[in-house]
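# Structural overview for review
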Amino acid sequence: MRSTSRDFLNVLSHNKDTSVWLCAERNGGTLCVRRRMYFYIPRCSISCTATPYLVAGCSRENQLHEPNHSLLSLLDTKRCYPPTRLENLVDQLPAPFVILGDFNGHNTLWGSVKTNPRGRQIEQDLYNSDHYPVILSHDSDTGGKTFPPTYSYGRADWALFTQLAVIPDVMVTTESVDTAVQEVTNDLIAAAELSIPKSSSHLFQHYKPWWNTDCQTAYKNQRKLWGIFRRYSTTENLLAFKKAKANARRVRRQSQRQSWIRYVSSLTSSTFSKQLWKKVKAANGIHREFSFPVLQTSNSVFSSPVEISNILGETFQSVSSAASYNSRFLEIKRQAERTPINFSTRSFFPYNCDFTMTELKKALLQEHNTSPGPDGITYTMLRHLNPNSLANILFFFNRVWKEHCFPSSWREAIVIPILKPGKVATDPLSYRVIALTSCFYKTFERMVNTRLEYVLEKEKRISPLQSGFRKGRSTLDNLVFLDSQIRDAFVRRNHLISLFFDIEKA
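What counts and how
Residues numbered from 1 in each chain as written. Predicted model: local features only at pLDDT ≥ 70, side-chain atom pairs only at ≥ 80, totals over all residues. Heavy atoms only, no water. Helix = DSSP H or I, 4+ residues; strand = E, 2+ residues; numbered from the N terminus. Buried < 20%, exposed > 50% of the residue type's maximum accessible area, 1.4 Å probe, protein only. Contact = heavy atoms within 4.5 Å. Areas by Shrake-Rupley, 256 points an atom, 1.4 Å probe, with all protein chains shown as cover. Core = buried A, V, L, I, M, F, W, Y, C linked by side-chain atoms within 4.5 Å. Salt bridge = Lys/Arg side-chain N within 4 Å of Asp/Glu carboxyl O. Patch = residues over 30% accessible without salt bridge, like charges linked within 9 Å, V, L, I, M, F, W, Y side chains within 5 Å. Lys, Arg positive; Asp, Glu negative; His and termini not counted. Charge placed at Lys NZ, Arg CZ, Asp CG, Glu CD. Axes fitted to C-alpha atoms, helices over the stretch in contact; angles between N-to-C directions. Parallel < 35°, antiparallel > 145°, perpendicular 65-115°, else oblique. Nonpolar A, V, L, I, M, F, W, Y, C, P; charged D, E, K, R; others polar. Expected span 1.5 Å × (residues − 1). Polar contact = N/O pair within 3.5 Å; in protein donor to acceptor, adjacent residues only side chain to side chain.

The next subject is the overall build of the protein. When helices and strands are counted, the protein shows 16 helices and 10 strands. Within the protein, buried positions represent 26% of all 506 residues. Counted over contacts in the protein with a minimum sequence separation of 6, partners at least 24 positions apart contribute 55%. Accessible surface, the protein: about 37300 Å² in total, of which carbon and sulfur atoms supply 55%.

The next subject is the nonpolar core. Among the nonpolar cores identified, the biggest contains 37 residues, and Phe161, Leu188, Leu385, Phe396 and Phe397 are the most heavily contacted of them. Of all the secondary structure elements, the ones that give two or more residues to this core are helix H4 (158–164), helix H5 (169–172), helix H6 (177–195), helix H12 (357–366), helix H13 (379–383), helix H14 (387–403) and helix H15 (439–458). If near-sequence neighbours (up to four positions away) are discounted, Phe161 is found in contact with Leu188, Ala191, Ala192, Ser195, Ile196, Met381, His384 and Leu385.

Glancing now at the pattern of salt bridges. Counted under the stated rule, the structure contains 12 salt bridges. A salt bridge links Lys198 to Glu193, with the shortest nitrogen-to-oxygen separation between them at 3.0 Å. The partly exposed category is assigned to Lys198, whose relative accessible area is 36%. A relative accessible area of 41% places Glu193 in the partly exposed class. The salt bridge involving Asp483 is made with Arg487; its shortest N-O contact spans 2.9 Å. Pair noted here: Asp483 and Arg487 are both in helix H16 (residues 475–492), with a separation of 4 residues, about one helical turn. With a relative accessible area of 37%, Asp483 lands in the partly exposed category. Residue Arg487 is classed as exposed on the basis of its relative accessible area, which comes to 56%.

Side chains of Lys242, Lys245, Arg249, Arg253 and Arg257 sit close together on the surface and give a patch of like positive charge. Its place among the elements puts Lys245 in helix H8 (residues 235–265). Lys245 sits in the partly exposed class, given a relative accessible area of 40%.

Moving on to the environment of Asn478. With respect to the helices and strands, the residue Asn478 is situated in helix H16. Relative accessible area serves as the criterion here: at 34%, Asn478 is assigned to the partly exposed category. As for Asn478 and Ser467, which are separated by 11 residues in sequence, their C-alpha atoms are 7.1 Å apart.

What follows is about a nonpolar patch on the surface. On the surface, a cluster of nonpolar side chains totalling about 250 Å² of accessible area is made up of Trp260, Val264 and Leu267. Mapping Trp260 onto the fold places it in helix H8.

Let us look at the packing of H12 against H14. At a minimum axis separation of 10 Å, H12 and H14 run at an interaxial angle of 100°. Taken together, the axis directions place H12 and H14 in an arrangement best described as roughly perpendicular. Along its contact with H12, which presents Met357, Leu360 and Leu364, the element H14 presents Leu390, Ala391, Leu394 and Phe397. Residue composition of the contact of H12 with H14, by class: 7 nonpolar, no polar and no charged.

So, about H15. The periodicity of an α-helix, 3.6 residues per turn, causes residues three or four places apart in sequence to face the same way. The terminal C-alpha atoms of H15, which comprises 20 residues, lie 28 Å apart, in line with the 28 Å expected from a rise of 1.5 Å per residue. Those residues of H15 not exposed but buried are Cys439, Phe440, Tyr441, Lys442, Thr443, Phe444, Met447, Val448, Arg451 and Val455. The N-capping residue of H15, defined by a side-chain oxygen 3.2 Å from the backbone nitrogen of Phe440, is Ser438. Immediately downstream of H15, the backbone of Lys460 shows phi near 55°, a positive value.

Rendered as structure tokens:
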């Protein structure tokens, strides 16, 4: 098809929704355009009148870094695969040549599940040839990304879980505390597998807060009319599809507007900022996708998940190692560690007594539904145990408290690196660590921490200037105190000295 550039652009603008190939000759070559993709390949004289193929391009230039090579791209215009006509086309090519095309040939020789006629024909063409199929694969996460399945507590049968999750006395009275922790963990996980369904491990679609049944109905009607128009390309079907598309767009916009009005009307002064921004980002379709970063050190680059995990672990270990301390501090540390700590005493202290059921229930009530640790136990599971099982859990906590024997599985954690704001993603030192430990262990830790906090506050062992990690106090108290000192210094015409320091990698 010969045309001027203006006519050619007009043809393209009128065929945006079609799948035809438009070819225009220019300077002895072929310009092939399909929708918005185009490429230019010099002309090659091939007779294709007897074949059901369109020759997209042929070149004898130095495109393969070797002289006198022919490159041919075939566009199959029919559903059949006529071998005789392909052989006729091959006979016209000067050797050596390369044929490129989507032949849709399936054969078990190159990993397909079954063999179709196209694949059988390709196998025959390769017979007595020194060329063999080359299988190419890629590691892209777009198609096969999966996530660990999680428990769906909204669909859980808690009555069945309470009935199955029974912790008898013999389970917590074993000789080894490690064995007791393992048996309790196995019992709770087995009950959860039978009573709590899990979510899918495949990639899920992001939630749209404004999507409703009206949007779904309008979208289905749009897709239905689009399928009809693809099969029967008539003017009536095109107009029906455009009307359905416009109606679906109108329904979506109306639903978005109404959803936003309802959400803004529900905002109060007690709404957390995290919930606010989560809703706003979801409404605008802003979602942060996870991808493994490529880490780089002075010596090498790490891209695989195993290499990334190892280099991050080595980096975190080096930051926390004794190599970061100076010699004076190391000497003081060694002297302090040589002195044994004696926990035995004849005096009675209230904080050394056994824990009570009230303390256990209070600790479970105060815990938030955070992510589980390596054992998979969550606070929700512990809250739904029957009274006898809770009593045995309390007995085990008191056993660990009195025997001074810490279970080894409680020392394990799932470490998640999180990039610090404004830091370079390729630097291993730019990440901070979040450790997910066992919720079973953190319940016991909260009970101990609550008791020690009460004793320290009661005996005033904590400096009154400390505001962090204290109930009823916050860093805002220190800011208010600093502000009052600055104003007082201005009034009295005095100098005020303030010292700020940041502990590196703390």
